[in-house]
Amino acid sequence: TFASTEGKGSEVRKLSLMQKFVVLSLAAIIPTGVVLGFILSRQIEARALERARLNTSLLANSVIAPLVTPDDLGGLSPERLAELDRLIKERVIPHYVAQVKLWNPGGRVVYSNFPELVGKKFGVSHHLEEALQGELPSHVSHLEAAEHAELRELGEALEVYVPLRLNGRIVGAFEIYRPYRPIETAIRADQRRLYAFLAGGLLFLFVI
């Protein structure tokens, strides 16, 4: 009887030790998984936005810029405006682009695929100023400013400013809006794959 009782006590102690080990392992693995998931998901989002920003710059430089002449920055005639508008709507808008603006260095909209903005002067914002200095600023816009009235149905948009270089000089800048929803959908899909892979890896580690 004594041996039986001692055996049961040993089993209880072993079980208790196993339970403690499981709890401690989970206590280490779960926070690690949460932190890793957060860091990696932010990296996925940052990479997706950077990719979209660079693709937008490539689109502006390779497709839109060749359509613009130095004389356009001084103002477009109705005929020239119609021609440029047709070309941009044919070659640019289909590439997940919601709006294109061409700014001159004085902060005036020389061209937009929304005609009511053409000729208006909104001033030189800090993003436009950065673009005129050769930088490539971008951010996710909530489209709350007055100039965004035509785009509010998008909810959010990736706004990218691209320097316009002609004959080696920066003579203006493009402001291009891309719907954020397709970008966000791709980000969420990549994040779900990450979480599934991470959960599987941590589960395997726990089993080991």
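Nothing here was measured: the structure is a model prediction, and the numbers come from that model.

Enquirer: Can you break down the overall build of the protein chain residue by residue, with the values?
Expert: Scanning the protein chain from N- to C-terminus turns up four helices and five strands. Going from N to C terminus, the protein chain has its helices and strands arranged as α-α-β-β-α-β-β-β-α. Compactness check: the protein chain gives a C-alpha radius of gyration of 28 Å against a globular reference of 17 Å for 208 residues, more than 25% above the reference. Principal axes of the C-alpha set define a box for the protein chain whose edges measure 105 × 30 × 25 Å. Per-residue burial over the protein chain gives 38% buried out of 208 residues. By sequence separation, contacts in the protein chain at least 24 residues apart represent 58% of the contacts at least 6 residues apart. Carbon and sulfur atoms form 61% of the exposed surface of the protein chain, whose accessible area is close to 12300 Å². A distance of 8 Å separates the average location of the 24 positive side-chain charges in the protein chain from that of its 23 negative side-chain charges.

Enquirer: Describe in detail the pairing of strand S2 (residues 109-112), supporting the description with residues and values.
Expert: Inspection of the sheet shows strand S1 (residues 99-103) paired to S2 by three bridges, in the antiparallel sense. The partner of Leu-102 across the bridge, within S2, is Tyr-111. The turn joining S1 and S2, which pair antiparallel and follow one another in sequence, is formed by five residues; a positive phi near 85 degrees is taken by Gly-107.

Enquirer: Requested: an account of the environment of Arg-91, with residues and values cited.
Expert: Assignment of secondary structure puts Arg-91 in helix H2 (residues 78-91). A C-alpha to C-alpha distance of 27 Å links Arg-91 and Gly-106, two positions 15 residues apart in sequence. Not counting residues within four places of it along the chain, the set of residues in contact with Arg-91 comprises Val-63 and Leu-67.

Enquirer: So, the sheet that holds S2: which residues are in play, and what are the values?
Expert: Spatial strand order, S2-S1-S5-S4-S3: five strands in an open sheet with antiparallel pairing. The open sheet is flanked by S2 and strand S3 (138-141), the only strands paired with a single partner. The sheet shows a mean angle of 25 degrees between the axes of neighbouring strands, taken without regard to direction. Taken together, the five bridges between S1 and strand S5 (residues 169-179) define a ladder with antiparallel strand orientation. Opposite Val-100, over in S5, you have Ile-176 as the bridge partner. Across the sheet, H2 touches S1 and S2, and the angle it forms with S2 is around 50 degrees.

Enquirer: Give a detailed account of the pairing of strand S4 (residues 157-166), specifying residues and quantitative values.
Expert: Most of S4 is tucked away, with nine of its 10 residues classed as buried. Across four bridges, the pairing between S3 and S4 is antiparallel. Counted as the bridge partner of Val-140 is Leu-158 from S4. Counted along the chain from S4 to the antiparallel partner S5, the turn is two residues long, and its residue Asn-167 has a positive phi close to 55 degrees.

Cut-offs applied
As a convention, each chain's residues are numbered from 1 in the sequence order in which they are written. Two thresholds apply to this predicted model, a pLDDT of at least 70 for residue-level local features and 80 or more for giving and counting side-chain atom pairs, whereas whole-chain, interface and lining totals are computed over all residues. In computing side-chain values, all of the structure's heavy atoms are included and hydrogens and water are not. Numbered from the N terminus, helices here are DSSP runs of H or I no shorter than four residues, and strands are runs of E no shorter than two. Radius of gyration means the value over C-alpha atoms here, while the globule rule gives 2.2 Å times the residue count to the 0.38 power. Exposure classes here rest on a 1.4 Å probe applied to the protein chains alone. A residue is buried below 20% of its type maximum, exposed above 50%, and partly exposed in between. Whether two residues are in contact is decided by their heavy atoms, any of which lying within 4.5 Å being enough. To be clear on the numbers: accessible area is Shrake-Rupley with a 1.4 Å probe, and residue cover counts the displayed protein chains and nothing else. Within this scheme the basic residues Lys and Arg register as positive and the acidic residues Asp and Glu register as negative, but His and the chain ends are omitted. Note that the charge is assigned to NZ on lysines, CZ on arginines, CG on aspartates and CD on glutamates. Between any two strands, at least two bridges found by DSSP are needed for them to pair. Between the N-to-C directions of two axes lies an angle of 0 to 180 degrees, each axis being a line fitted to C-alpha atoms and, for a helix, fitted only over the stretch in contact.

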